[in-house]
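Each chain, letter by letter, is given below.
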Amino acid sequence: MVLLDGKKTSDILQAEIAEEVIHIKNNQGKIPHLAAVLVGHDGGSETYVAAKVRACEFVGFKSTLIRFEDTITEAELLNCISALNMDDDLDGFIVQLPLPKHISEEKIVEAIDPRKDVDGFHPVNVGRMVAGMPAFISATPFGIMELIKRYHIETAGKNCVVIGRSNIVGRPISILLSQKGIDCTVTLCHSRTKDLKQICAQADIIVAALGMAEFLTGDMVKQGAVVIDVGITRVKSDKTKSKWKLLGDVKFDEVSSKCSYITPVPGGVGPMTIASLLFNTLLSSKHEIYP
Ligand code: GUN
């Protein structure tokens with residue numbers, strides 16, 4: 001069994017980005033600039049955004065953090081987005097989700113200029129991705145594809161089962177894996193799927209992205225399968241200093257002994273997500289998606 005080391009791969013990807021930033025700076029005198037909008041004080045969002053800002057510093061990007069209290073109105077947030085859309089110094093920005101209940105995430109995401117939507121959440125980017133056109137691809141699916149490519153995992157003609165149909169992970173990764181050149185035969189499973197165990201048992205590649213801790217057990221996986229674990233559920237633990245630990249959607253001890261490749265949690269898909277966001281920002285600064 002080979003561990004798909006997301007931390008190491010993300011470090012390599014970030015080092016490649018940092019090298020390119022030096023090149024751009026020397027030739028054009030400009031450095032890529034990413035902004036993050038954070039509304040309220042959700043613990044998870046605070047952690048993710050802080051990690052994104054740190055990663056920007058590491059690769060030499062300029063970063064701007066814009067914070068609002070969770071009392072901000074939808075109209076005020078929309079005004080902020082239109083100012084960011086018009087800011088010529090910015091290559092891309094993200095609005096960290098989830099947003100407070102009184103704000104429509106759909107409206108906010110739709111208000112972002114697709115050319116600056118480095119999260120790849122805007123329907124224009126999703127549509128372009130589905131059509132196989134150049135697009136910003138959302139960070140988690142992009143990170144998974146990068147792991148698969150960098151570990152030279154064979155995909156052509158393989159049976160791939162994706163568990164979970166979220167807009168951010170399950171649905172886009174199912175499309176990317178079925179694209180020409182990747183060529184998996186993809187089955188997208190969800191809460192109403194019948195005989196999930198039997199379907200998983202046929203899979204050469206499983207992507208577990210349903211958000212239920214340790215859902216995928218050893219008896220659901222065939223010998224030699226590749227397993228990608230997207231889950232990160234925080235549970236209480238007496239065994240760690242912080243009193244918390246992270247669990248994936250995969251029961252690691254049972255499943256790993258049957259796999260050819262598997263991502264650990266933490267240290268698998270998670271670190272790839274941040275590197276992918278930086279990569280999208282770099283693409284935006286070079287006008288590669290929208291010339
Ligand atoms: N919340 C959880 N993951 C993400 C992400 O990738 N981008 C944004 N904007 N919010 C998130």
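Residues numbered from 1 in each chain as written. Predicted model: local features only at pLDDT ≥ 70, side-chain atom pairs only at ≥ 80, totals over all residues. Heavy atoms only, no water.

Moving on, we come to the overall build of the protein chain. Looking only at helices and strands, the protein chain features 10 helices and 11 strands. Taken against the 2.2 N^0.38 rule, which gives 19 Å for 291 residues, the C-alpha radius of gyration of the protein chain at 19 Å falls within 12% of a compact globule. Its C-alpha atoms give the protein chain principal-axis dimensions of about 55 × 40 × 35 Å. Counting all 291 residues of the protein chain, 48% fall into the buried class. (Helix = DSSP H or I, 4+ residues; strand = E, 2+ residues; numbered from the N terminus. Rg over C-alpha atoms; globule rule 2.2 N^0.38 Å. Buried < 20%, exposed > 50% of the residue type's maximum accessible area, 1.4 Å probe, protein only.)

Overall, the coordinates contain 13 salt bridges when judged by the stated rule. The partner of glutamate 154 in a salt bridge is lysine 158, and the shortest N-O contact between them spans 4.0 Å. With a relative accessible area of 59%, glutamate 154 lands in the exposed category. Given a relative accessible area of 25%, lysine 158 falls into the partly exposed group. Two residues, glutamate 288 and lysine 286, come together in a salt bridge whose shortest N-O distance is 3.3 Å. Judged by its relative accessible area of 44%, glutamate 288 is partly exposed. We classify lysine 286 as partly exposed; its relative accessible area is 30%. Among the charged side chains, a network of salt bridges with common partners joins Glu16, Glu146 and Arg150. (Salt bridge = Lys/Arg side-chain N within 4 Å of Asp/Glu carboxyl O.)

Generally speaking, nonpolar side chains in soluble globular proteins are found buried as a group. One finds Ile17, Phe61, Ile144, Leu177, Val207 and Ile228 to be the most contacted residues of the largest nonpolar core, which totals 53 residues. Residue contacts for leucine 177: discarding those within four places in its chain leaves Met145, Ile148, Cys160, Val162, Ile182, Asp183, Cys184, Val186 and Val207. With 17 residues, the next largest nonpolar core counts Val161, Cys189, Val221 and Val255 among its residues. (Core = buried A, V, L, I, M, F, W, Y, C linked by side-chain atoms within 4.5 Å. Contact = heavy atoms within 4.5 Å.)

Take the side chain of glutamine 96 next. Its location among the elements puts glutamine 96 in the loop between strand 4 (92-95) and helix 4 (105-111). Given a relative accessible area of 8%, glutamine 96 falls into the buried group. A distance of 2.8 Å separates the side chain of glutamine 96 from the side chain of lysine 52, its partner in a polar contact. The contact partners of glutamine 96, leaving out residues within four places of it in the chain, are Val37, Leu38, Ser45, Tyr48, Val49 and Lys52. (Polar contact = N/O pair within 3.5 Å; in protein donor to acceptor, adjacent residues only side chain to side chain.)

All right, on to the site of the ligand then. Taken together, the neighbourhood of the ligand is formed by Lys52, Val95, Gln96, Leu97, Asp119 and Phe121. A distance of 2.9 Å separates a nitrogen atom of the ligand from a polar atom in the backbone of leucine 97. Within the side chain of aspartate 119, an N or O atom sits 2.6 Å from a nitrogen atom of the ligand. Surface burial for the ligand is 81%, taken as the share of its 280 Å² of free accessible area covered by protein chains. (Near = heavy atom within 4 Å. Areas by Shrake-Rupley, 256 points an atom, 1.4 Å probe, with all protein chains shown as cover.)

A separate point is the packing of helix 1 (residues 6-28) against helix 2 (residues 43-59). One can describe the packing of helix 1 onto helix 2 by two numbers: an axis separation of 8 Å at closest approach and a directional angle of 55°. In terms of their interaxial angle, helix 1 and helix 2 are classed as oblique. Residues Gln14, Ile17, Ala18 and Val21 of helix 1 pack against Ala55, Phe58 and Val59 of helix 2. (Axes fitted to C-alpha atoms, helices over the stretch in contact; angles between N-to-C directions. Parallel < 35°, antiparallel > 145°, perpendicular 65-115°, else oblique.)

Empty space within the second largest pocket amounts to approximately 490 Å³. Considering the residues around the second largest pocket, the lining is formed by 20 residues, among which Val109, Phe121, Pro123, Val126 and Asn167 are closest to the centre. Listed by contribution, the elements that provide at least two residues to the lining of the second largest pocket are helix 4, helix 5 (123-130) and helix 7 (170-178). Examining the composition of the lining of the second largest pocket, we find that five residues originate from one element, helix 5, more than from any other. Classifying every residue of the lining of the second largest pocket gives 12 nonpolar, four polar and four charged. (1 Å grid on protein atoms, 1.4 Å probe; cavity = no way out; pocket = protein on both sides within 12 Å on 5 of 7 lines; lining within 4 Å. Points joined across faces, edges and corners; volume = space filled by probe spheres on them. Nonpolar A, V, L, I, M, F, W, Y, C, P; charged D, E, K, R; others polar.)

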